[in-house]
Amino acid sequence: MNQRELSELRRRFRPDKSAISHIYGCYVNSSKEVISYIDTSLGVMPQEEAEKYLGLLKKALSGTLGRNLIDIVFSTQQVVDSDEHRLLSALRDSGLKDREALQTFYQTVIDSLDMGGSNYLILLAHDIYDVPYRGKDDETQADASDQVFSYIVCSICPVKDGKIELGYFPGENEFHNSVPGQIVAAPELGFLFPAFDDRAANIYNALFYSRKADELHQELISAVFRTEPPMSAAEQKEAFESALSEALEDACSMDVVQAVHERLTERIGQHKESKDPEPLALTVREVGDILTACGVAEERVAAFCEKCGQQFGAGAALSPANLIDSRRFEIKTADATIKVDPEQSYLVETRMIGGRSYILIPANEGAEINGFSVHIAPQD
């Protein structure tokens, strides 16, 4: 899925836009016991309540593709004959009305998911979308639908105790401590099945959501989808840094790392400005070309490409946003930390002075120490 397709689906999560008629789910306590089940019609709810349910489901389609939203890919064998794909298909094809499939799904989630001892709510909904035809001019024609997209969406939301607050008690005309009770928080996890690729159903893929990009809850992915868990954004960053340092060894200088950071940050910025709906991805060789441009020996570049192949898999596409923090440029030594605006990182340089290594930054426009402006006197 790309950003445009994702946005198209997200726009449906309003009472007057979607074909979602029922909300299903269950409330699970910290002991993995079901406290209550949800099977309620949106049509009988107050509009504000219906909008809140749809808002929680919509949040399972939020975040950044490749970070919070991860493609789950089923093998051909799984699609042809597997319990996990059969279960998801039964939920979708029945419009969540298959009670046995629902119970099996709930139990699969409950048995596998580790929410750190928190209560949580599993929410499920089914929608049928008459996909409007999109012409060559990129304009959609709502009355010329040629695809029907039937899908399920799931949100798993922590349920937290409300904080004690002062509340007004009308009968007493006074304020006293009051607790609002159990509050459903934004979803931690969720998924869409099947994926909405090329504006049509792709039963070979699902889209998995995790609010925290570095905590994918791989135990849930393994239980529900039975696929090899993807690397989280944090794991990708760690693998990239490991490949770079191990392959380059003493050639992994600050100048090289600085140049890689600058070039990848530049690519991320260009992609954002282009508004390309497809996620940004680079080949390992393209990153290797950056190293070559920095003067890294070809044998070291080849070693880097080999290490990346081992870490990410042969032919893997790398997401620059997962390899670096484009919003931060920080240098740490044993005694100091230097933070620089990433767009100004080129100002940082290294130099040997009197046989010692120094990291230098210009201070032509003055400096501050703990908020006090100071003057730096020129040296002869």
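Residues numbered from 1 in each chain as written. Predicted model: local features only at pLDDT ≥ 70, side-chain atom pairs only at ≥ 80, totals over all residues. Heavy atoms only, no water.

## As for the overall build of the chain
This is how the line gets drawn: Under the scheme used here, helices are H or I runs from DSSP no shorter than 4 residues and strands are E runs no shorter than 2 residues, and both carry numbers assigned from the N terminus. What makes two residues a contact is simply this: any of their non-hydrogen atoms within 4.5 Å. In short, Shrake-Rupley with a 1.4 Å probe defines the accessible areas, and a residue's cover is counted only from the protein chains shown. His residues and chain termini do not enter the charge count, which takes Lys and Arg as positive and Asp and Glu as negative. A charge is said to be at NZ when it belongs to Lys, at CZ for Arg, at CG for Asp and at CD for Glu.
Counting its secondary structure elements, the chain contains 11 helices and 22 strands. Dimensions of the chain, computed from C-alpha atoms along their principal axes, come out at roughly 80 × 65 × 45 Å. Within the chain, residue pairs in contact and separated by at least 24 positions form 62% of the contacts whose partners lie at least 6 positions apart. When the accessible surface of the chain is summed, it comes to about 21,400 Å², and 48% of that surface belongs to carbon and sulfur atoms. In the chain, the 37 positive side-chain charges and the 61 negative ones have mean positions that sit 2 Å from each other.

## Regarding the packing of aromatic side chains
Cut-off, in case you're wondering: Only Phe, Tyr and Trp rings take part, Trp by its six-membered ring, and two of them pair if their centres are within 6.5 Å. Stacked means planes under 30 degrees apart, edge-to-face means over 60, and tilted covers everything else.
In this structure the tally under the stated criterion is 11 aromatic pairs. A centroid spacing of 5.9 Å and a plane angle of 65° characterise the contact between F105 and F191, whose relative ring orientation is edge-to-face. A residue pair is termed long-range when its members are at least 10 positions apart, and F105 in helix α5 (residues 99-112) and F191 in strand β11 (residues 189-193) qualify at 86 residues.

## Brief notes about the layout of surface pockets
The following threshold applies: Buriedness for pockets is judged along seven lines, at least five of which must meet protein on both sides within 12 Å for an open set on the 1 Å grid over protein atoms alone, while cavities are sets there where a 1.4 Å probe fits but cannot get out, and lining residues have an atom within 4 Å of a point. Grid points are joined across faces, edges and corners, and a volume is the space filled by probe spheres set on the points. Three categories are distinguished: nonpolar for Ala, Val, Leu, Ile, Met, Phe, Trp, Tyr, Cys and Pro, charged for Asp, Glu, Lys and Arg, and polar for the others, with Gly belonging to the last.
In this structure, the second largest pocket occupies an estimated 480 Å³ of space. Lining the second largest pocket are 19 residues, and of these K237, E241, V257, H261 and E330 sit closest to its centre. At the level of elements, α7 (233-248), α8 (254-274) and β17 (329-332) are the ones that each hand at least two residues to the lining of the second largest pocket. Per-class residue counts for the lining of the second largest pocket are 10 nonpolar, 4 polar and 5 charged.

## Observations regarding the pairing of strand β18 (residues 337-340)
Just so we agree on the cut-off: The pairing criterion is simple: DSSP has to find at least two bridges between the two strands.
Taken together, the 4 bridges between β17 and β18 define a ladder with antiparallel strand orientation. Paired with I331 across the strands is I338, a residue of β18. Linkage of β17 to β18, two consecutive antiparallel strands, is achieved through a turn of 4 residues.

## Some remarks on empty space enclosed by the protein
Here the structure, examined in full by the defined rule, presents 1 cavity of 30 Å³ or more. Lining the largest cavity are F105, V109, C154, I156, L189, G190, F191, F208, L220, V224 and F225. Residues of the lining of the largest cavity, tallied by class, amount to 10 nonpolar, 1 polar and no charged.

## Side note on the nonpolar core
Side chains of nonpolar character tend, in soluble globular proteins, to be buried together. Threshold: Put simply, buried Ala, Val, Leu, Ile, Met, Phe, Trp, Tyr and Cys residues joined by side-chain atoms within 4.5 Å make one nonpolar core. Three labels apply to residues, based on accessible area from a 1.4 Å probe with only protein chains included: buried if under 20% of the type maximum, exposed if over 50%, partly exposed otherwise in between.
Ranked by size, the top nonpolar core spans 35 residues in total, and within it F105, I122, I156, F191 and F225 carry the most contacts. Sort the elements by how many residues they give to this core and α5 lands first, with 6 residues. Judged by nonpolar contacts, the second largest core, of 34 residues, contains I23, L56, L121 and Y151.

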